[in-house]
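Below are the chains, spelled out letter by letter.
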Amino acid sequence: MEPDMEKREKEVTQIASTLDSLRNEVRKILVGQQHLLDSLLIAMMSDGHILIEGVPGLAKTTAVKSLGDALGLPFQRISFTPDLLPADIIGTMIYDPAKSEFLPRQGPVFTNLLLADEINRAPAKVQSALLEAMQERQVTIGDSTYKLPTPFLVLATQNPIEQEGTYPLPEAQVDRFMLMCKVDYPTKDEEREIMHRFDGKAVESISPVMRPEQITACRELVPRIYCDAKVTDYILDIVLATRKPSQFGIPIDHQISYGASPRAGIFLQLAARARAMLCGRAYVTPQDVKEIAPDVLRHRVILTYEAEAEECTSDSIIAHILGEIPVP
């Protein structure tokens, strides 16, 4: 084994052990939702953001708050409403009579973990203000620009069953989210455990198990996780197949209006590397790519009206593509 690879293996083993401790700490509060928790960790390690789709009451807020407690990081929640203004998110200038001048008042976006609850309830200007902060990692208040804290992770949620009084995110803005995760109902055993935990007993407290410098170390290590050229080509084939599937022998061109952007390939490789590290490996396997591909691609594959009429979904299209593209 090469010295650099051996060193990387040791670093990955140490970080994977810390991440296991982190997951166990979060599980003191969070029951089930393993996929959501892993997606949060992958986004945290990859410096990305997540869009969560799920009905109310599925522990989305609990998950991000518990993660913040286990990381020892500040957490803020914004409940988006139609009357919200950009200043309510990023902050504004407040007049100080004592000094006879305007002073900046920073908004709730100045935090490490931000839950943007039901983001599709806010008008376009508010969505744009948040998405700009996500992309640039800074906001402008008055004449001054302020950097956002590091790390900065946005967990935005939207309710799939309620469309009245909402402002759907444009496809170009949704593309800024690294992952789109769908949250489902808990199993019967998980729901029994939830009921057991909330039957009047004292809820366990969460202790920080990971320091900010360890998060930085994670982020610096992720790009160094080995990804073979064949796996990279596999990622490229998957992304290209969402644009021109017929070139790969998949006759579903009529179902896809727009395929995944180049950002999808970058995020898919990065997320696969983070998943490999989460599993304690210093190299990416095709299975890492297949596991994370739906979350990276589902909001980047836009269907035609014909596909919607046939009740196709982006998930079914992605599953079809993953089933047809040869695995290296």
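Cut-offs used in this document
- Residues numbered from 1 in each chain as written.
- Predicted model: local features only at pLDDT ≥ 70, side-chain atom pairs only at ≥ 80, totals over all residues.
- Heavy atoms only, no water.
- Helix = DSSP H or I, 4+ residues; strand = E, 2+ residues; numbered from the N terminus.
- Buried < 20%, exposed > 50% of the residue type's maximum accessible area, 1.4 Å probe, protein only.
- Pairing = 2+ DSSP bridges.
- Contact = heavy atoms within 4.5 Å.
- Axes fitted to C-alpha atoms, helices over the stretch in contact; angles between N-to-C directions.
- Expected span 1.5 Å × (residues − 1).

Colleague: What exactly am I supposed to notice about the environment of Ile266 here?
Modeller: Along the chain, Ile266 turns up in helix H10 (residues 262–278). Ile266 gets classed as exposed once you look at its relative accessible area, which sits at 57%. The sequence separation of Ile266 and Ile235 amounts to 31 residues, and the corresponding C-alpha distance is 9.2 Å.

Colleague: Teacher, can you tell me more about the pairing of strand E3 (residues 91–96) here?
Modeller: Consecutive side chains along a regular strand alternate between the two faces of the sheet. Two elements, E3 and strand E4 (residues 101–106), share 6 bridges in a ladder whose sense is antiparallel. Counterpart to Asp96 in the pairing with E4 is Glu101. In this structure, the hairpin formed by E3 and E4 is closed by a connection of 4 residues, where Ser100 is found at a positive phi of approximately 55°.

Colleague: I keep staring at the side chain of Asp38 and nothing clicks. Help me out?
Modeller: Tracing the backbone through its elements, the reader meets Asp38 in helix H2 (residues 34–46). A residue is classified by how much of its surface remains accessible, and Asp38, at 19% relative accessible area, is buried. Setting aside its immediate chain neighbours within four residues, Asp38 contacts Arg23 and Leu278.

Colleague: Would you mind showing me how to read the sheet that holds strand E5 (residues 113–117) here?
Modeller: Think of a sheet as strands paired side by side through backbone hydrogen bonds, with each pair either parallel or antiparallel. Within the open sheet, the 5 strands sit side by side as E2-E5-E8-E1-E9. Their pairing is parallel. Edge positions in the sheet fall to strand E2 (75–79) and strand E9 (179–182), since each of these pairs with one other strand and no more. If you compare each strand with its neighbour and ignore which way they point, the axes differ by 20° on average. Pairing analysis gives 4 bridges linking strand E1 (residues 50–53) to strand E8 (residues 153–158), with the strands arranged parallel. Residue pairing for E8: Leu51 is matched across the bridge by Ala156. Helix-sheet contacts for H2 involve E1, E8 and E9, and the interaxial angle to E9 is about 170°.

Colleague: Got a minute to help me understand helix H3 (residues 60–71) in this structure?
Modeller: The periodicity of an α-helix, 3.6 residues per turn, causes residues three or four places apart in sequence to face the same way. Between the first and last C-alpha of H3 there are 17 Å, a value that for 12 residues agrees with the 16 Å anticipated at 1.5 Å per step. The complete set of buried residues in H3 reads Lys60, Ala63, Val64, Ser66, Leu67, Gly68, Ala70 and Leu71. Among the residues trailing H3, Gly72 stands out with phi positive, at a value near 70°.

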